[in-house]
Amino acid sequence: MNLKIKKGKPFFRGIHVPDRKELARDRAIEVFDAPSVATIALSQHIGKPSEPAVKAGDYVGMGQLIGKKSGFIGANIFSSVSGTVLGIEKRQSVNGITGDYVVIENDRLDKAVFLEPLKDREKETIISRITEAGIVGMGGAGFPVDVKLSPKTPVDTLVINAAECEPYLTCDFRLMVEKTEEVLIGIRLLAKALGVENICIGIEKNKPEAIELFSKAEDMQTVVLKKAYPMGSEKHLIYCCTGRKVPTGKLPADAGCVVQNIATAYAVYEAVEKNKPLYERVMTVSGDGAENPGNFLVRNGTSYSEISEKCGVKENVKMFVSGGPMMGPAMLSTDVYTTKTSSGFLMLTEKEADTNAPTPCINCGACADVCPMKLLPMQIDFYTQAGDYEKAEKIGGVKNCISCGSCAYVCPAKRALVQSITLCKAKLAEKRGGK
Amino acid sequence: METVIISDTPHLRKKRTTKGIMLDVLIALIPATVAGLVYFGGRAAVTLILSVFSSVATEFVWLLCKKTDFKTILKQFDYTSAVTGLLLGLTMPPLEYSLWYIPVLSGIFAVGAVKMLFGGTGKNIVNPAIAGRVFAFIAFSGSMVSGWISPAFGSLSSGNEVYAGATPLTDLLGGGLQAVGVSNLDLFLGTGVPGCIGETCKIALIAGGIYLVARKVIKFQYPLIYIAVTGLVSVFMSGTDWNVFLPSVLGGGLILGAVFMATDYVTSPNNKPASYVYFVLLGVVTALLRYGTKIEVVSFAILLMNLIVPLLNAYIRPRPFGATPVIKMIKDKIEAKKASAVKKEADGK
């Protein structure tokens with residue numbers, strides 16, 4: 001019995017979704033062809049969009065800065081190809097939001113312009129390198145990592161999110177299996193930047209290969225987690241790994257923890273050891289509608305339609321999803337472009353994707369039973385439909401919602417609970433902003 | 001691929017639907033229905049058919065009056081009114097054929113006035129089947145009581161072929177099992193015990209309940225709490241006479257009510273803590289009402305308690321994950337009060 005492996009604290013709520021990871025889990029990471037025209041978003045993270053650092057006609061190398069961080073919460077953006085900037089144009093993101101994009105014509109020379117090598121591996125050097133390399137949380141939210149590594153409250157544990165609880169996605173799993181050493185170095189660098197000794201890696205039970213590889217690391221605690229959704233939620237991961245509860249309305253740092261993702265650790269390794277800024281990532285292409293599912297190293301700014309062409313789309317595809325099927329948005333068209341946070345591209349068939357119309361709520365309480373935050377989604381939905389957002393917050397507890405979608409997954413009436421919750425949150429924010 | 005669908009997250013959904021749940025309830029009611037037909041024969045069959053037909057027809061006519069397209073109605077139909085109709089029929093005595101209008105009118109009242117008038121599925125405040133039964137009892141009290149007949153099988157213990165009386169529970173509450181001449185086993189199997197069509201054969205009801213629990217339609221704790229609390233309070237009211245426990249649990253419509261009526265989603269609380277409170281209160285109210293009125297009151301108790309469900313929903317809620325535990329919260333409040341009092345005192349000086 002390896003002492004470095006610990007069982008996670010029980011996690012009673014949440015849901016058990018068929019994970020469908022078998023579609024792509026055994027496919028090794030392949031390098032995806034660089035796009036002939038890279039269309040790179042200037043807003044790939046939470047926070048202010050970056051300011052363009054290039055103009056039409058400029059020649060940029062691969063890894064050259066094209067978007068400069070603006071504001072405290074922001075990140076640098078880098079070119080993923082070498083070539084000539086065609087211009088800065090308006091395009092739509094996967095969410096359908098219009099923003100500025102730098103369009104670069106690829107000259108196929110891949111002239112690399114990387115960062116300066118680092119002299120040492122001290123705390124400040126690593127953090128400034130992370131800022132420089134534009135690394136954001138690659139689990140999906142895209143929160144700048146340097147901000148997370150400078151918490152306001154004392155922190156003693158770094159929790160690595162290797163749960164990958166979203167169905168279909170296997171990109172983190174492949175990184176863990178294929179790039180174990182690199183990821184471990186990245187994790188150690190993150191711990192150093194944070195100034196903590198204690199490292200917990202939370203891995204779901206359905207990845208035994210990864211658990212075995214990671215439990216060999218002497219300086220880390222591997223926590224085997226139950227297979228449940230949303231295990232990868234920060235608050236629940238912290239609870240299962242350390243037994244601490246993040247107080248409501250507080251940040252993980254208030255419980256003395258910082259959570260980072262596997263892909264983020266790998267990006268940190270590349271930035272520090274290889275001087276490579278963040279301009280590409282591993283992405284899972286999956287779903288019953290994909291002819292060749294797999295894991296690909298995709299450069300930022302690659303069009304989704306290029307990926308779908310390469311991987312093949314079956315006739316019966318009904319829905320394209322960017323990211324995981326539980327939280328990722330459905331795409332209006334595939335003429336959108338990958339970013340630092342594009343973890344998946346799913347082609348779902350009618351059989352997989354739910355398209356039922358909502359029916360009246362029958363008050364069955366299934367949503368409340370599975371809500372990992374112990375909220376009352378049916379009440380939020382009810383009061384939001386009635387336009388009483390204050391009551392939705394008071395009785396339903398909408399402000400604690402992590403938008404995981406467990407409630408809508410189990411709802412027998414197929415109600416759009418997440419939509420109501422999102423609307424309610426937006427309305428409440430609007431109201432507070434107005435005051 | 002011609003069209004892509006855009007929908008809200010999550011894109012994966014459990015396959016269970018409202019329709020599926022209602023179908024499960026109908027399946028769970030099959031044993032009780034069959035038992036009722038075997039025990040009470042043709043009169044039971046007519047009562048059941050009439051109540052189911054009138055309930056379903058009421059929903060269709062209501063929606064047609066609202067100028068809903070017939071195809072849409074068929075598509076929307078989620079079996080809720082069929083469940084209502086069947087439950088309503090099962091809670092009625094096997095009525096004489098000349099009383100055909102009772103199940104018909106009760107079905108119309110249950111679905112029309114109690115469910116559709118309030119907005120249809122999911123919007124009713126009280127359980128329509130219960131309301132329909134109570135309506136029948138109040139409007140046609142004489143006919144309803146005259147409807148009691150003995151089942152096709154006599155009592156196993158005493159061999160009494162015919163048992164005369166309104167309902168054994170009435171006498172039970174007054175005099176005990178010996179006065180009635182049936183044993184606990186008789187009550188359990190429904191042999192020799194007159195009663196409503198669906199309530200006499202407990203083994204059929206329990207089989208249905210086990211099916212519902214296995215299909216995860218209901219939680220086993222809730223009916224168990226209700227039944228146990230009713231039994232215990234009855235024992236307590238009779239001066240801790242433990243012989244009262246089984247008859248009060250097995251007699252009357254308690255098991256039917258606990259498994260199929262009280263657990264109705266729409267009219268029971270929507271979260272676990274509130275549900276526990278609800279079912280305990282329901283047990284207490286049932287036992288007390290029985291003790292006070294000496295008649296079978298499960299339906300009245302559920303009807304009354306349905307009315308306080310919105311209150312329970314509003315005031316008893318689970319605390320969010322990560323919220324300060326209640327005890328600590330109270331302690332903190334007391335300490336804060338103390339601190340402010342000390343401060344005030346200091347300020348005053």
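This is a predicted model, so every value here is computed, not measured.

Rules of the game
Throughout this document, residue positions are counted from 1 along each chain, in the order its sequence is written. Both sets of labels track the order of writing: A upward for chains, 1 upward for ligands. Given that the model is predicted, a residue must reach a pLDDT of at least 70 before its local features are reported, and side-chain atom pairs must reach 80 or more before they are shown or counted; all residues, however, enter totals for whole chains, interfaces and linings. Note that water and hydrogens are dropped before the side-chain values are worked out from all heavy atoms of the structure. These domain boundaries are the output of an automatic or database domain assignment. A contact between two residues is defined here by any heavy atoms of the two lying within 4.5 Å. A quick way to say it: buried area is the sum, across both parts, of accessible area lost when two parts are put together, with a 1.4 Å probe. Salt bridge, as used here, is a side-chain nitrogen of Lys or Arg placed within 4 Å of a carboxyl oxygen of Asp or Glu. Side-chain atoms alone can form a polar contact between residues adjacent in sequence; in general such a contact is a pair of N or O atoms within 3.5 Å, and within protein one must be able to donate a hydrogen while the other accepts it. In this description a helix means any DSSP run of H or I spanning at least four residues, a strand means any run of E spanning at least two, and both kinds are numbered starting from the N terminus. Put simply, Ala, Val, Leu, Ile, Met, Phe, Trp, Tyr, Cys and Pro go in the nonpolar bin, Asp, Glu, Lys and Arg in the charged bin, and everything else, Gly too, in the polar bin. Partly exposed residues are those whose accessible area sits between 20% and 50% of the maximum for their type, while under 20% is buried and over 50% is exposed, using a 1.4 Å probe and protein chains only. Residue types Ala, Val, Leu, Ile, Met, Phe, Trp, Tyr and Cys, when buried and joined through side-chain atoms within 4.5 Å, form a set referred to as a nonpolar core. Strand pairing is assigned whenever DSSP detects at least two bridges linking the two strands.

All names here are of chain A. The domain boundaries assigned to chain A delineate domain 1 (1-31 + 117-353) and domain 2 (366-434). Here the C-alpha centroids of domain 1 and domain 2 sit 26 Å apart. Listed per partner, the contact involves 16 residues of domain 1 and 15 residues of domain 2. Buried area between domain 1 and domain 2, summed over both chains or domains, comes out near 1,100 Å², and the portion from carbon and sulfur atoms is 63%. Of all residues in domain 1, Arg13, Ile15 and His236 bury the most surface against domain 2, accounting for 44% of the area lost on that side. Scanning the region where domain 1 abuts domain 2 turns up zero salt bridges. Where domain 1 touches domain 2, the interface holds five residue pairs in polar contact (both at pLDDT 80 or more).

Another aspect to go through is the interface of chain A and chain B. With 62 residues of chain A in contact, the opposing surface of chain B contributes 36 residues. At the boundary of chain A with chain B, total buried surface from both sides reaches about 4,200 Å², with 58% on carbon and sulfur atoms. Summed over the three residues of chain A that lose the most area to chain B, namely Lys318, Ile362 and Asn363 of chain A, the buried surface amounts to 15% of that side. Across the chain A-chain B interface, the total number found is one salt bridge. Across the pair Lys219 of chain B and Asp369 of chain A runs a salt bridge, and its minimum N-O distance is 2.6 Å. Taken together, the elements giving at least two residues each to the side of chain A that touches chain B come down to helix 6 (234-242), strand 16 (317-322), helix 9 (366-370), helix 10 (377-385), helix 11 (389-396), helix 12 (406-410) and helix 13 (417-434) of chain A. Among the elements that make up the side of chain A that touches chain B, the one with the highest residue count is strand 16 of chain A (five residues). Its residues placed into classes, the side of chain A that touches chain B shows 39 nonpolar, eleven polar and twelve charged.

What follows deals with the pattern of salt bridges. Residues and elements named next belong to chain A. Per the counting criterion, the structure on display carries 26 salt bridges over all chains. Glu352 serves as the salt-bridge partner of Arg20, at 3.4 Å between the closest nitrogen and oxygen. Taken together, the positions of Arg20 in the loop between strand 1 (5-7) and strand 2 (29-31) and Glu352 in the loop between strand 17 (344-349) and helix 9 put the pair 332 residues apart, joining distant regions of the chain. Taking the relative accessible area as the measure of exposure, Glu352 reaches 8% and is therefore buried. Of the charged contacts in the structure, one is a salt bridge between Glu273 and Arg121, with a shortest N-O distance of 3.1 Å. A residue pair is termed long-range when its members are at least 10 positions apart, and Glu273 in helix 7 (residues 262-273) and Arg121 in the loop between strand 9 (98-106) and helix 1 (123-132) qualify at 152 residues.

Turning our attention to the nonpolar core. Membership of the largest hydrophobic core comes to 66 residues, with the highest contact counts inside it found for Leu87, Tyr226, Phe260, Leu282 and Ile302 of chain B. Here this core takes ten residues from helix 1 (residues 18-40) of chain B, the largest share from any one element. Viewed by domain, this core spans two of them, domain 1 (16-148 + 195-217) and domain 2 (220-318) of chain B, each represented by three or more residues. Setting aside its immediate chain neighbours within four residues, Phe260 of chain B contacts Val25, Ala28, Leu29, Leu87, Leu205, Gly208, Gly209, Leu212 and Ile255 of chain B. In terms of nonpolar packing, the next biggest core, distinct from the first, is built from 60 residues, Val246, Met378, Cys407 and Ile421 of chain A among them.

It is worth spelling out the pairing of strand 17 of chain A at this point. Residue and element names in this part refer to chain A. Taken across its six residues, strand 17 has six buried, putting it largely inside the fold. Here strand 17 shows two buried faces, one formed by Gly344, Leu346 and Leu348 and the other by Phe345, Met347 and Thr349. One ladder, built from three bridges, connects strand 14 (residues 280-286) with strand 17; its direction is parallel. Residue Val285 lies in a different strand from strand 17, and its bridge partner there is Phe345. Examined bridge by bridge, strand 16 and strand 17 share five bridges and lie antiparallel to one another. Within strand 17, the position partnered with Phe320 by the bridge is Met347.

The next point concerns the pairing of strand 15 (residues 294-299) of chain A. All names here are of chain A. Among the six residues in strand 15, six count as buried, and that is most of the element. In terms of strand pairing, strand 2 meets strand 15 through three bridges, oriented parallel. Among the inter-strand pairings, Ile29 is bridged to a residue of strand 15, identified as Asn295. Two elements, strand 14 and strand 15, share six bridges in a ladder whose sense is antiparallel.

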